[in-house]
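Summary of structural features
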Amino acid sequence: MNTDVNETAQARNLGANLRFLCERQGTVSNICRKIKINRQQFNKYLSGLHLPSVQNQRLIANFFGLSRSVLFADPEEFRTLMEGNYFHAIDTLRNSKRMAPFLDTLLVDEKSSGDEYIGVYDRYQYSSIYKGKVLRSAYCIYRNRDFLQHYYIERFPNLESPDKIDFVFKYHGFTIPLDGRIFSLDFEAVQKNEMTFGIYAPVQRSSKSFLMGITSGIAATMLRPPYSTKVAMHFRGPGLLNREHLERVTTLEKGDRSIPTEVQQYLSSVD
């Protein structure tokens, strides 16, 4: 791609994303004061016509608790990521004094470790809400500075009127690669009353087309029943979640032909 065209697109994306962030963070003057960037210069970034220097990119990214790459994401994808307030909750946790030493023990020496898993997935599991149905959610693994993180969205359509949605759940959390496996810790952002744990592995070490594993937790209902279920994830491509991915989020009959054969076999197998 032509460098000038690429930089123009980056500047435009950054401007839109900065305007979105500023709307949620307060006045531009206060933000500039805290970041220590000249207001006039910052306005140029907001216009989408100028790219900040690498140093200013770092200052802006650190202030908002984001990685530099996420700042330049497509604005629609960026809004999808930010609407669940994922970064605020994650940063509050990761910056806590008690959590930091624990997370440090999970980081491997190579900061790029696990990058082969970054991208968007269709996530499949049997639903605990609609018994016998397969839940297909939209799942994304991305890098935020030294960490891999993820978020995913579940939607449950009304059984009598499929065009209506009865439930929406949004999860966010940490992704920890370790010796050919992926460990995950999830927080639910809508009801704010659930935490789940997962472990996954690629079907083949040389491919990230499918990740298979399990997730477990304890329901937030009165009886607090524990649960564990198989999960299969099918890689769809790089980037963050966008409208196309979210349109696929639904519940399906277990024999639905849109479910990959490998997923059908894994979910239906008896161990």
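Just so we're clear, the structure is a prediction, and the values are computed from it rather than from any experiment. (Residues numbered from 1 in each chain as written. Predicted model: local features only at pLDDT ≥ 70, side-chain atom pairs only at ≥ 80, totals over all residues. Heavy atoms only, no water.)

1. Quick look at the environment of Tyr 227
Heads up, the rule is: Helix numbers and strand numbers start at the N terminus; a helix is a DSSP run of H or I with at least 4 residues, a strand a run of E with at least 2. We call two residues in contact whenever any of their non-hydrogen atoms come within 4.5 Å of each other. Any pair of nitrogen or oxygen atoms within 3.5 Å is treated as a polar contact; in protein, a donor-acceptor pairing is required on top of that, and neighbouring residues in sequence qualify only through side-chain atoms on both sides.
Within the secondary structure, Tyr 227 is located in strand 8 (residues 226-237). Between the C-alpha atom of Tyr 227 and that of Ser 128, which follows or precedes it by 99 residues, the distance is 8.7 Å. In contact with Tyr 227, not counting residues within four places along its chain, are Glu 194, Thr 196, Thr 215, Ser 216, Gly 217, Ile 218 and Ala 219. A polar atom in the side chain of Tyr 227 sits 2.7 Å from the side chain of Glu 194.

2. A closer look at the packing of aromatic side chains
Heads up, the rule is: In this analysis, rings of Phe, Tyr and Trp, with Trp reduced to its six-membered ring, are considered paired at centre separations within 6.5 Å, and the interplanar angle assigns stacked below 30 degrees, edge-to-face beyond 60, and tilted for intermediate values. Here's how the labels work: a residue is buried when its accessible area is under 20% of the maximum for its type, exposed when over 50%, partly exposed in between, all with a 1.4 Å probe on protein chains only.
Evaluation of the coordinates by the stated rule reveals 11 aromatic pairs. With 6.3 Å between their ring centres and 80° between their planes, Phe 156 and Phe 167 make a pair best called edge-to-face. Remark: Phe 167 occurs in strand 4 (residues 165-178) and Phe 156 occurs in strand 3 (residues 147-157); sequence separation between them is 11 residues. The exposure class of Phe 167 is partly exposed, given its relative accessible area of 36%. An aromatic cluster is defined as three or more aromatic residues linked by ring pairs; in this entry it consists of Tyr 130, Phe 156, Phe 167 and Phe 169.

3. A word on helix 2 (residues 28-35)
Applicable threshold: By arc we mean the arc of the directions from the helix axis to the C-beta atoms, nothing more.
Turning to helix 2, its buried residues number three or more, namely Val 28, Ile 31, Cys 32 and Ile 35. Along helix 2, the residues classed as buried sweep out an arc of 100° about the axis, all on the same side. Along helix 2, exposed side chains directed more than 90 degrees from the buried face belong to Arg 33 and Lys 34.

4. Here's the deal with the pairing of strand 2 (residues 133-144)
Just so we agree on the cut-off: Paired strands are those between which DSSP finds at least two bridges.
Counting buried positions along strand 2 gives 12 out of 12 residues, so the element sits mostly inside the fold. Because side chains alternate across strand 2, one face comprises the buried residues Lys 133, Leu 135, Ser 137, Tyr 139, Ile 141 and Arg 143, and the other comprises Val 134, Arg 136, Ala 138, Cys 140, Tyr 142 and Asn 144, equally buried. Here strand 1 (residues 119-126) pairs with strand 2 via eight bridges, running antiparallel. Paired with Tyr 124 across the strands is Arg 136, a residue of strand 2. Adjacent in sequence and paired antiparallel, strand 1 and strand 2 are bridged by six residues, among which Gly 132 carries a positive phi angle near 85°. Two elements, strand 2 and strand 9 (residues 250-253), share four bridges in a ladder whose sense is antiparallel. Directly across from Val 134, in strand 9, lies its bridge partner Leu 252.

5. A short note on the environment of Arg 58
Along the chain, Arg 58 falls in helix 4 (residues 54-64). Residue class for Arg 58 comes out partly exposed when judged on its relative accessible area of 46%. Between the C-alpha atom of Arg 58 and that of Arg 68, which follows or precedes it by 10 residues, the distance is 6.7 Å.

6. What about the nonpolar core?
Rules: To form a nonpolar core, buried Ala, Val, Leu, Ile, Met, Phe, Trp, Tyr and Cys residues must be joined to one another through side-chain atoms within 4.5 Å.
Grouped together as the largest cluster of nonpolar side chains are 34 residues, with contacts concentrated most on Leu 18, Phe 42 and Ile 60. Elements that contribute at least two residues to this core include exactly helix 1 (3-25), helix 2, helix 3 (39-46), helix 4, helix 5 (68-71), helix 6 (75-82), strand 2 and strand 3. The element best represented in this core is helix 1, accounting for five residues. Counting 15 residues, the second-largest nonpolar core is a separate cluster that includes Phe 169, Tyr 171, Ile 182 and Met 233.

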